[in-house]
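Coordinates in review
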Amino acid sequence: MIKHLQLALTNYCNLDCIMCPHTLETGMREKHEFLPLGVLQKILECDVGFQTIYSFYLGEPLAHPDFYRIMELLFSRNLEQRFFQNIEFYTNGTYLNPDLTSRLFSLLNCHREQGRIGRIYFSLDAVTEETYHCIRRNGELKKVEENVLNFLSQRKKSGLDYPKVSLCFLVMPENHEETRKFAVTWQSRLAEFGDAGLISTLNNEEFSALGKMGDNVFIRPLRSYKGDQEEMDRLFLSVSAELGISAISTREERELDNSVGMRSGGRNNPCAHPFTSPLIDADGTLLPCCQDNRRELSLGSLHHENFREIWWGEKAYRLRKAHLNRDLSEFECCRNCSASTPLKDDDWNEQDLE
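Computed from a predicted model, the values in this text were never measured in an experiment.

A closer look at the packing of helix H2 (residues 37-44) against helix H3 (residues 67-76)
- Viewed as axis vectors pointing N to C, H2 and H3 meet at an angle of 15°, and their least axial separation amounts to 11 Å. When the axes of H2 and H3 are compared, the pair comes out roughly parallel. Two packed elements cross with a definite hand, and for H2 against H3 that hand is right-handed. Together, Leu37, Leu40, Gln41 and Leu44 of H2 and Arg69, Ile70, Leu73 and Leu74 of H3 make up the contact between the two elements.

Have a look at this one:
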């Protein structure tokens, strides 16, 4: 039963961040892709509704040359919120200049009854230029900070109380000594506009409730691609303890998620993603999961088939049945995944298996 859509507007990013798969896996996406408006049109015609559209994946969504046009299309076609209720995305903030911000708030004001951009996650990871340049290469912290503050100011003037913002900080060896200063600095800045929460890592249940929260500083553990996750977790937990905020390691997060619903039996129990969370990549490929960076689980292309034919097609059925049968022998990507989401009874129905 579909709940969310992850919509990759592009696989291109203007920054070169040291912790990103783009940087760590050379050649993963050598060709820059931008979601064609024609593919978006096919999605809008699929007659399927989503609670939330997450408009990002392995790229900077605002780098799409038609980003504003895409937002226009989504909202103009969302009569009575039949297509979506909410849009959220992560951004490095470099493209969110005053002009684009102004146009977005004008758009949201014109379509108050047709959904909302509920939250924007600004990925900063630093509070000094030196650390920012070390982590987010090719970026300029001052410019991003100005864009965020301008965004908050224009939101206040617009009369809207959304999009809410999260200022994100991934704890890693290069920046952990700045965590407290980052939290204090941005809580102080956010307080001028209303909410100023401080939160830490969230399991899947808590992350689902994040949309109901106000503005916040979001301290997160780094999900490492280097085989040193335990070391990253220890660093994160140490920093969280110093800040006095509740936190759990990525291992504890997985164990907590695995104790919920149908996953209570162990590692190879069903994951919700192939049932609830389709991902449309920037080239039109439909994937069952956002963890499949190499597109090993490709279900088909929207250039050749429509959404319904692919999502309720043979490849998708076979993957779902494998999860329900707890036999992932044919699906190495799923078998080795450490970031699955628990499948609950209300996440699927017979249509998903016909």
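Next comes the rest of the write-up.
A look at the packing of H3 against helix H4 (residues 98-110)
- One way to put it is that H3 packs onto H4 with a least axis distance of 11 Å and a crossing angle of 5°. Here H3 is positioned roughly parallel relative to H4, judged by the angle of their axes. On H4, the residues that touch Phe67, Tyr68, Met71, Glu72 and Phe75 of H3 are Leu100, Arg103, Leu104, Leu107 and Leu108.

Looking at the sheet that holds strand E7 (residues 164-171)
- Pairing in this open sheet of 10 strands is mixed, and the strands run E8-E9-E7-E5-E4-E3-E1-E10-E11-E12 from one edge to the other. Edge positions in the open sheet fall to strand E8 (197-199) and strand E12 (300-301), since each of these has one partner strand only.
- As paired elements, E7 and strand E9 (residues 216-221) share 6 bridges and run parallel to each other. In the sheet register, Cys168 faces E9, and the bridge partner there is Phe218.

Some thoughts on the nonpolar core
- Judged by nonpolar contacts, the single largest core of 86 residues is most densely connected at Leu74, Ile280 and Phe307.
- Ranked by residue count, the leading element in this core is H3, at 7 residues.
- Membership of the second largest hydrophobic core comes to 7 residues, among which are Leu297, Ala322, Phe331 and Cys334.

What to know about the side chain of Asn92
- Position of Asn92 among the secondary structure elements: in the loop between strand E4 (84-91) and H4.
- A polar atom in the side chain of Asn92 sits 2.6 Å from the side chain of Thr94.
- Among all residues touching Asn92, those that are not within four sequence positions of it are Cys13, Asn14, Leu15, Glu60, Ser123, Tyr132, Arg136 and Val144.

As for the environment of Ala316
- Structurally, Ala316 is set in helix H13 (residues 314-324).
- Judged by its relative accessible area of 2%, Ala316 is buried.
- When the C-alpha atoms of Ala316 and Pro288 are compared, they prove to be 7.7 Å apart, with 28 residues separating the residues in sequence.
- With residues up to four places along the chain from it excluded, the contact list for Ala316 reads Leu299, Ile310 and Trp311.

With respect to the pattern of salt bridges
- Applying the stated criterion to the full structure yields 10 salt bridges.
- Arg137 is the partner of Asp16 in a salt bridge, and the nearest nitrogen-oxygen pair spans 3.2 Å. A residue pair is termed long-range when its members are at least 10 positions apart, and Asp16 in strand E2 (residues 16-17) and Arg137 in strand E6 (residues 136-137) qualify at 121 residues.
- For Asp16, a relative accessible area of 29% gives the class partly exposed.
- As a salt-bridge pair, Asp215 and Arg155 come within 2.6 Å of each other at their nearest N and O atoms. Taken together, the residues Asp215 in the loop between helix H8 (204-209) and E9 and Arg155 in helix H6 (residues 141-158) connect sequence positions 60 residues apart. Each member of the pair Asp215 and Arg155 is classed as buried.
- Sharing partners across several salt bridges, the network here consists of Asp281, Asp283 and Arg295.

Some points on helix H9 (residues 229-243)
- An ideal rise of 1.5 Å per residue puts 21 Å on 15 residues; H9 measures up with 21 Å between its terminal C-alpha atoms.
- Those residues of H9 that fall on the buried side of the exposure criterion are Gln229, Met232, Asp233, Leu235, Phe236, Val239, Ser240 and Leu243. Buried residues of H9, viewed axially, fall in a sector of 165°; they line one side. Projecting away from the buried face of H9 at angles above 90 degrees are the exposed residues Glu230, Arg234, Ala241 and Glu242.
- Residue Gly244 follows H9 closely and has a positive phi angle near 75°.

Observations regarding the environment of Pro221
- If you trace the backbone, Pro221 turns up in strand E9.
- Given the relative accessible area of 8%, Pro221 is considered buried.
- Separated by 50 residues in sequence, Pro221 and Val171 have C-alpha atoms that sit 5.4 Å apart.

Describing unusual backbone geometry
- The omega torsion of the bond from Tyr162 to Pro163 falls at 0°, within 30 degrees of zero and hence cis.
- One non-glycine residue, Leu58, lies in positive phi territory at about 50°.
- Relative to the helices and strands, Leu58 resides in the loop between strand E3 (50-54) and H3.
- Despite not being glycine, Arg326 has its phi angle at roughly 60°, a positive value.
- With respect to the helices, strands and loops of the structure, Arg326 is situated in the loop between H13 and helix H14 (332-335).
- Arg326 sits in the partly exposed class, given a relative accessible area of 39%.

Scoring rules and cut-offs
Position numbers for residues count from 1 along each chain, tracking the sequence in the order it is written. In keeping with the model being predicted, local features are shown solely for residues with a pLDDT of at least 70 and side-chain atom pairs are shown and tallied solely at 80 or more, while totals for entire chains, interfaces and linings include all residues. As a rule here, side-chain values cover all heavy atoms of the structure and leave hydrogens and water aside. In this analysis an axis means a line fitted to C-alpha atoms, helices contributing only their contacting stretch, and an angle means the value between N-to-C directions, from 0 to 180 degrees. Secondary structure is summarised from DSSP: a helix means a run of H or I of at least four residues, a strand means a run of E of at least two, and numbering begins at the N terminus for each. Every angle not falling under 35 degrees, over 145, or within 65 to 115 is termed oblique; those three ranges are roughly parallel, roughly antiparallel and roughly perpendicular. Crossing chirality is assigned from the near helix's rotation relative to the far helix, an anticlockwise turn below a right angle marking it left-handed and a clockwise turn marking it right-handed. Contacts: residue pairs with any heavy atoms within 4.5 Å of one another. The rule for pairing is simple: two strands pair if DSSP sees at least two bridges between them. Here, nonpolar core means buried Ala, Val, Leu, Ile, Met, Phe, Trp, Tyr and Cys residues that are tied together by side-chain atoms lying within 4.5 Å of each other. Remark: exposure states derive from per-residue accessible area (1.4 Å probe, protein chains only) relative to the maximum for the residue type, with buried under 20%, exposed over 50%, and partly exposed in between. For this analysis, a polar contact is any N or O atom pair within 3.5 Å, provided that within protein one partner can donate a hydrogen and the other can accept it, and provided that sequence-adjacent residues contribute only side-chain to side-chain pairs. In the sections that follow, a salt bridge refers to a side-chain nitrogen of Lys or Arg positioned within 4 Å of a carboxyl oxygen of Asp or Glu. Expected helix span is given by 1.5 Å per residue-to-residue step, counting one fewer step than there are residues. Taken from the helix axis, the directions to the C-beta atoms give the arc we talk about.

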